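Reading the structure
If you want the building blocks of each chain, they are given just below.
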Amino acid sequence: MEMRVLWLLLFAGSMAQEDMDRNIFLFPKKSVDDYVVLKPMVTGPLHKLTVCLRSYTEVGNSALFTLGTPKSKVLNMFAIFQSHIPYSIPFYDSSIYINNTQVSITGKAKPLDWNHICVTWDSNTGVLQLWVNGKVSPRAVLQKGFSIDLQDGISLGQMQQYYYPEWDPNASFQGEITDVHMWNKVLPPKLIRQVLRNYIYTSGNVISWKSLHYTIIGDVIVQPKLY
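Being a predicted model, the structure only gives us computed values, none of them experimental.

What about the state of the cysteines?
Each disulfide consists of one covalent bond between the sulfur atoms belonging to two cysteines. Scanning the entire structure with this criterion turns up one disulfide. Each sulfur in the disulfide pair cysteine 52 and cysteine 118 lies 2.0 Å from the other. Torsion about the S-S bond of the cysteine 52 and cysteine 118 cystine: about 115°, corresponding to right-handed handedness. Of this pair, cysteine 52 sits in strand β4 (residues 48-56) while cysteine 118 sits in strand β9 (residues 115-122), and the two are 66 residues apart along the sequence.

Have a look at this one:
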């Protein structure tokens, strides 16, 4: 517990708060040294959630979003990882981790284009849904009854190894990430489609891209949106 508090204090002084609506995070290379830490506006435990973001990458295997840091004791409390299926473009697998247990869902997205992903989860039923560019995949069930702790913060571009509390070098993200939002509830389909369109009144109450508390670790660059 003391180490976690110390880690958060070390970065508190350099944490920025910014309206990122016109910006993206650029990850120039795959490296466990490069990521972005986000500070949630509310604390857990969470029994429901929705996470949405936009990404653009040429690299097949990439972690987009994870709850925690390299030293978090609970491995992959919640993480979103994408991997291209060989010879099956534009299909790819999205692996969603909760409490280091995963479910893989096949989605369809255009290569070399921005793709919008949303994940919803309800602990009461364990029901998990994946939305890619406004289209929903078949529902899955994962970790019914589990609660998610936000105290370690949120990291973009990395996820932990399956057996050890360090970033997985094979999962490091290279590319661009933007429009990251998180809610402590399951958004209905109508609101998810509004988030896809970046509707002006849709903004996460746990993480809001329009009022983002973040710290850049390593070589990650803020750049203006081009699309």
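Next, the rest of the story.
Points about the pattern of salt bridges
The final tally for this structure, using the stated rule, is five salt bridges. Close ionic contact of aspartate 219 with lysine 29 constitutes a salt bridge, the shortest N to O distance being 3.3 Å. Of this pair, aspartate 219 sits in the loop between β15 (212-217) and β16 (221-224) while lysine 29 is found in the loop between β2 (23-27) and β3 (35-38), placing the two residues 190 residues apart along the sequence. Given a relative accessible area of 37%, lysine 29 falls into the partly exposed group. Between aspartate 179 and arginine 54 there is a salt bridge, with its nearest N and O atoms 2.7 Å apart. Residue aspartate 179 is located in strand β14 (residues 175-183), and its partner arginine 54 is located in strand β4; the two are separated by 125 residues in the primary sequence. For the residue pair aspartate 179 and arginine 54, the accessibility class agrees, reading buried in each case.

Describing the pairing of β15
Within a regular beta strand, the side chains point alternately toward one face of the sheet and then the other, so they alternate between its two faces. As judged from the three bridges shared by strand β1 (residues 16-18) and β15, these two strands associate in the antiparallel manner. Along β15, the bridge assignment pairs glutamine 17 with histidine 213. Across four bridges, the pairing between β3 and β15 is antiparallel. By the bridge assignment for β15, tyrosine 35 is matched with isoleucine 217.

Remarks on helix α2 (residues 189-196)
Note that an α-helix has 3.6 residues per turn; residues three or four places apart therefore point the same way. Inspection of α2 places Ile192, Gln194 and Val195 among the buried residues, and these make up the whole buried set. An end-on view of α2 places all buried positions within 160° of arc, on one side of the element. In the core, the buried residues of α2 are packed alongside β4, β9, β10 (127-132) and β14. After α2 finishes, the residue asparagine 198 shows a positive phi value of roughly 60°.

A few points about unusual backbone geometry
The backbone of asparagine 99 sits at a positive phi, close to 55°, despite the residue not being glycine. Its location among the elements puts asparagine 99 in the loop between β7 (91-98) and β8 (101-108). Of the residues examined, asparagine 99 reaches a relative accessible area of 30% and is grouped as partly exposed. At aspartate 179, a position not held by glycine, the phi torsion is positive, near 50°.

About the thresholds
Residues numbered from 1 in each chain as written. Predicted model: local features only at pLDDT ≥ 70, side-chain atom pairs only at ≥ 80, totals over all residues. Heavy atoms only, no water. Disulfide = S-S within 2.5 Å. Helix = DSSP H or I, 4+ residues; strand = E, 2+ residues; numbered from the N terminus. Salt bridge = Lys/Arg side-chain N within 4 Å of Asp/Glu carboxyl O. Buried < 20%, exposed > 50% of the residue type's maximum accessible area, 1.4 Å probe, protein only. Pairing = 2+ DSSP bridges. Arc of directions from axis to C-beta. Contact = heavy atoms within 4.5 Å.

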